Amino acid sequence: MRRIHLLSVVFLLTLVGLSVAYYKYSALGFPLTPDRETETWTVEAQIAVNPGTAPASVRFALASDPPHYTLLDEGFVSRGWGLTTQSSDRQREAVWTKRSPEGNQTLYYQATVYRDQEEIQPSSYPGPAAPPKLEEPLKSAAESFVEDIRADSADIQTFATLLVKEVNASRPNENIAAFLKPDANETERTRLAIRLLAIARIPARMSHGVMLTDEGRNLRPTTWLEVHNSRRWVPINPQTGAVGYPRQFLVWWHGDQPALTTSGLEGVELTFATTRNLRDAMETAQLQSTIAESRLMDFSLLDLPIDAQNTYRVLLLVPLGALIIVLLRNLIGIRTFGTFMPVLIALSFRETQLVAGVVLFTLIVALGLAIRFYLERLKLLLVPRLAAVVIVVILLMALISIVSHRLGLDIGLSVGLFPMVILAMTIERVSIVWEEHGAGDALAQATGSLVVAAMAYLVMVNAYVTHLFFVFPELLLVVLAFTLLVGRYTGYRLTELFRFRAFKTLAHARRPTPPGDDR
Amino acid sequence: MAINWPITPRRLKELGVLGMNQRNGEFIAEMNARRYYPLVDDKLLTKELAEEAGLHVPALYGVIRTTHEIKHLSKLVGDHDEFVIKPANGAGGDGILVIDGKQSDKPLVYRKSSGRAVSIDAIALHISNILAGAYSLGGRPDVAMIEYRVQFSPLFEKISFQGVPDIRTIVYRGYPVMAMVRLPTTQSDGKANLHQGAIGAGVDMAGGQTLDGVAHNRHVTHHPDTREPISGVDIPGWQSLLEMAAKCSDMTGLGFLGVDVVLDRDLGPLILELNARPGLSIQIANGEGLRHRIERVDRHVDHLARDETAAERAAWSRENLAPMNL
């Protein structure tokens, strides 16, 4: 019963810890490893206006919720112009206005986007398209064209692909030749495709976007076709009929209208510039989750002030050190001075580095012990003796720092970061064990403590581990679960296999009488 | 020399050897309610309890609770030249000072069990360290007990060196399950501590005879200092000794208990201390794991119609828990 209880608690903790971490990793894009960079794009729309004398206004469609991409950040540069943004259903707009513009000017809009989804999000079916009103004989020509394609296609997607291919064929089907001027541009062909799709009652729309290229200048928007397959809008290349957007295509706006509508201007020109940048993956994930308004992020350590963050970077490692102590003590059976003293020593090794840390620690404890044995001869009371040891330890630390600095060894300076009270207590414990149980026991336990501290240090200093537990502190629930599990481990410790090895040869250690024999 | 490989966990399990984790998790945690711990951790309480239960303990000469009481030491000791000073809450036998006799009156100098002289000032310092908590768990302030120095019986004289041999019995659910005699050696510096090289000799539960011993986890048949065979020593009054141990379990309410008894020349068996976390070396000394015996007790107790008296339990153990394979 207790076992089931424990196992369910362990299971629950692991589940919660891992699923929160997985959500943060997969949905919010938090990197599993440190120093990961993600690719972001900066897209700049440049609107060159040549105003007249009348009050001018410029309406500009803004990208909103583009497929595959997430908008991380945006900004406007438009000196002297009034700016408002408004959004109608599925389309955002910026409106610049100025009463008396003078001379050529350029308005800028800058957006940072980040590709984060491979799938296009589903959207509700807009209902069947209304067929266009056509005069005979065009109507029957179009209908028979559509019938031909329908016969060859399996579903909406293949239908649209075939249709687009026909529209772009070098020698178009005679039935649609009438609809098509030989020199029709891309937008006109797309418009035709939408009308023909409407005859088959398939909802279709135009989309416009920018090809993201590194250091791209003077880019013009490209037109694309989207058909709704009753689950989501499927992009179709209006020239080749290929399904899907190119990897670096950023959809800017939808519909058969220009991105810009202006009044009171004599000339206007829209171009785009794009640049690729690498950005710290952490930063991107943070921005993204703020945009996604994830409740989880209200409880993130990343929102704390930097110095508090740094404290937690270290603090979050203590549970890990504690887990290592648990493993080494309960599974291996190493004896240490004080239960968690090695963790504190390991934390100070973070500053001194391992080898120097071990050397300095051994040095101070050895010197401290020598002094402690001398103090023993003076027959001091306990608390004054402890205080004397603390004072001596601090003096020793200062001495080591000064000497090593003189010798040009900067590492000796970091000795000041050792927890001196812990050191003093350690010295006291070592000396009592030394007196009561002999030097062997004392040295064995001191070595054990150092080994455990070194191992805890090696885990705690690992960049991946530090990063993982700081970004995904919920993983501590998994550590907790594992610790609880070890807490019910009642098997042998590794050292006991050595301790009890006399049983291999003990003459009378034979097989016991089988159970059940109650005599 | 062939490498002494470790034993496999499977074989250990087969032998029913109890490991530290199992002892802590399945026996101490399950059988020993934490509220009873002070009864055994505080030796002063244990002593009072034992006296109430009519069990024999070394007589208490006095208790020193504060630093200014230290000067009353000689008044407490009276005309006893031999006495023992121990911390009431000492862990693992730490901080025990055994005074063997008076060396001179002026200045007042005593003699330690090791033969070394110790002045009254040094004793006072030792006591003040005890009071400050130098030997207690967690460094809590403690009190010092001054008590009767056991005149150990000549029984084990031939197979021990200095110090006081003691008899450790493990009592499970009120039934003595295993016992050993701890014999000091030169190496253990007169201490009955197996870690330091004292010999642990198994004891036959049926008759109370010593078996072969173990030192440093190795099988030994003779005492290294006296060269005398360890096995075959009859412990007198074995039944009453086991009864004492069984009663300790009743009086403390602990289901998994170590009882340390010394044999006094004049006073017979005296309870020295109780231990709520008895060590596991007793298994090596007896060459047998505790588990099989514990299971036997479980089966027996589960079929009992009424609780048995300490005498009945001791008798049952003698009959049923003798080394099953000798």
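Residues numbered from 1 in each chain as written. Chains lettered and ligands numbered in written order. Predicted model: local features only at pLDDT ≥ 70, side-chain atom pairs only at ≥ 80, totals over all residues. Heavy atoms only, no water.

Draft legend 1. Molecular detail of the sheet that holds strand β10 (residues 233-236) of chain A. Residue and element names in this part refer to chain A. Pairing is antiparallel across the open sheet formed by 4 strands, whose spatial order is β10-β9-β7-β11. Only two strands of the sheet have a single neighbouring strand rather than two, namely β10 and β11 (249-254). Here the average twist between neighbouring strands, direction ignored, is 40 degrees. Pairing of strand β7 (residues 204-211) with strand β9 (residues 222-228), which is carried by 6 bridges, proceeds in the antiparallel orientation. In the sheet register, Ser-207 faces β9, and the bridge partner there is Trp-224. This element, helix α3 (residues 156-168), spans β9 and β10 of the sheet and lies at about 25 degrees to β10. Sheet contacts for helix α5 (residues 186-199): β7 and β9; angle to β9, the most-contacted strand, approximately 10 degrees. (Pairing = 2+ DSSP bridges. Helix = DSSP H or I, 4+ residues; strand = E, 2+ residues; numbered from the N terminus. Axes fitted to C-alpha atoms, helices over the stretch in contact; angles between N-to-C directions. Contact = heavy atoms within 4.5 Å.)

Draft legend 2. Seen up close, unusual backbone geometry. Residues and elements named next belong to chain A. Even without being a glycine, Asn-218 presents a positive backbone phi close to 50 degrees. The topology assignment puts Asn-218 in strand β8 (residues 216-219). Even without being a glycine, Ser-230 presents a positive backbone phi close to 80 degrees. For Ser-230, the location among the structural elements is in the loop between β9 and β10. Judged by its relative accessible area of 43%, Ser-230 falls in the partly exposed class. (Buried < 20%, exposed > 50% of the residue type's maximum accessible area, 1.4 Å probe, protein only.)

Draft legend 3. Spatial organisation of the nonpolar core. Ranked by size, the top nonpolar core spans 70 residues in total, and within it Phe-156, Ile-235, Trp-238 and Phe-256 of chain B carry the most contacts. Leu-28, Phe-337, Ile-400 and Leu-450 of chain A belong to the second largest nonpolar core, which has 53 residues in total. (Core = buried A, V, L, I, M, F, W, Y, C linked by side-chain atoms within 4.5 Å.)

Draft legend 4. The pattern of salt bridges, seen in detail. If you walk through the whole model with that rule in mind, you get 28 salt bridges over all chains. Across the pair Glu-269 of chain A and Arg-220 of chain A runs a salt bridge whose closest N-O atoms are separated by 2.6 Å. Remark: Arg-220 of chain A occurs in the loop between β8 and β9 and Glu-269 of chain A occurs in strand β13 (residues 265-280); sequence separation between them is 49 residues. Looking at Glu-269 of chain A, the relative accessible area reads 37%, which means it is partly exposed. The closest approach of N and O atoms between Asp-260 of chain B and Arg-182 of chain B, which form a salt bridge, is 3.2 Å. In this pair, Asp-260 of chain B is assigned in strand β12 (residues 256-264) and Arg-182 of chain B in strand β8 (residues 175-183), connecting sequence segments 78 residues apart. Exposure class is identical for Asp-260 of chain B and Arg-182 of chain B. Each is buried. Taken together, the shared-partner salt bridges connect Asp-166, Arg-168, Arg-182 and Asp-260 of chain B into one network. (Salt bridge = Lys/Arg side-chain N within 4 Å of Asp/Glu carboxyl O.)

Draft legend 5. Expanded view of a nonpolar patch on the surface. On the surface, a nonpolar cluster with roughly 390 Å² of combined accessible area is contributed by Phe-11, Leu-12, Leu-15 and Val-16 of chain A. Relative to the elements of secondary structure, Val-16 of chain A occurs in helix α1 (residues 2-26). (Patch = residues over 30% accessible without salt bridge, like charges linked within 9 Å, V, L, I, M, F, W, Y side chains within 5 Å. Areas by Shrake-Rupley, 256 points an atom, 1.4 Å probe, with all protein chains shown as cover.)

Draft legend 6. Spatial organisation of the domain arrangement of chain B. Residue and element names in this part refer to chain B. Domain annotation for chain B reports domain 1 (9-55 + 153-320) and domain 2 (60-148). Averaged C-alpha coordinates put domain 1 and domain 2 at centres separated by 27 Å. Contacts between the two partners involve 10 residues from domain 1, matched on the other side by 13 residues from domain 2. Interface area, domain 1 with domain 2, both sides summed: about 1,000 Å², of which 51% is carbon and sulfur. Considering only the surface of domain 1 that becomes buried against domain 2, Lys-43, Leu-44 and Lys-47 emerge as the three largest contributors, covering 51% of it. Our count for the domain 1 to domain 2 interface comes out at 1 salt bridge. Between domain 1 and domain 2 we count 4 residue pairs in polar contact (both at pLDDT 80 or more) in total. Elements represented by at least two residues in the side of domain 1 that touches domain 2 include exactly α4 (43-52) and β13 (268-275). Here the side of domain 1 that touches domain 2 takes 3 residues from α4, the largest share from any one element. Across the side of domain 1 that touches domain 2, the residue classes break down as 4 nonpolar, 1 polar and 5 charged. (Domains from an automatic or database assignment. Buried area = accessible area lost by both parts, 1.4 Å probe. Polar contact = N/O pair within 3.5 Å; in protein donor to acceptor, adjacent residues only side chain to side chain. Nonpolar A, V, L, I, M, F, W, Y, C, P; charged D, E, K, R; others polar.)

Draft legend 7. Examining the packing of aromatic side chains more closely. Under the definition given, this model contains 19 aromatic pairs over all chains. Arranged with centres 5.9 Å apart and planes meeting at 75 degrees, the rings of Phe-27 of chain B and Tyr-172 of chain B form a pair that is edge-to-face. In this pair, Phe-27 of chain B sits in helix α2 (residues 20-31) while Tyr-172 of chain B sits in strand β7 (residues 166-172), placing the two residues 145 residues apart along the sequence. The exposure class of Phe-27 of chain B is buried, given its relative accessible area of 4%. Arg-205 of chain A extends its terminal NZ or CZ atom over the ring of Trp-233 of chain A, reaching a point 4.1 Å from the ring centre. (Phe/Tyr/Trp six-rings, centres within 6.5 Å; stacked < 30°, edge-to-face > 60°. Lys NZ or Arg CZ within 6 Å of the ring centre and 35° of its normal.)

Draft legend 8. Structural context of the confidence of the model for chain A. Residues and elements named next belong to chain A. Averaged over all residues, the pLDDT of chain A equals 81, while 92% of them reach at least 70. Confidence, read as mean pLDDT per element, is least for helix α6 (residues 281-291) in chain A (70) and greatest for helix α15 (residues 475-487) (91). The model gives residues 507-519 a pLDDT under 50, and that stretch makes 25 contacts with residues more than four places away or in other chains. (pLDDT = per-residue confidence, 0-100.)

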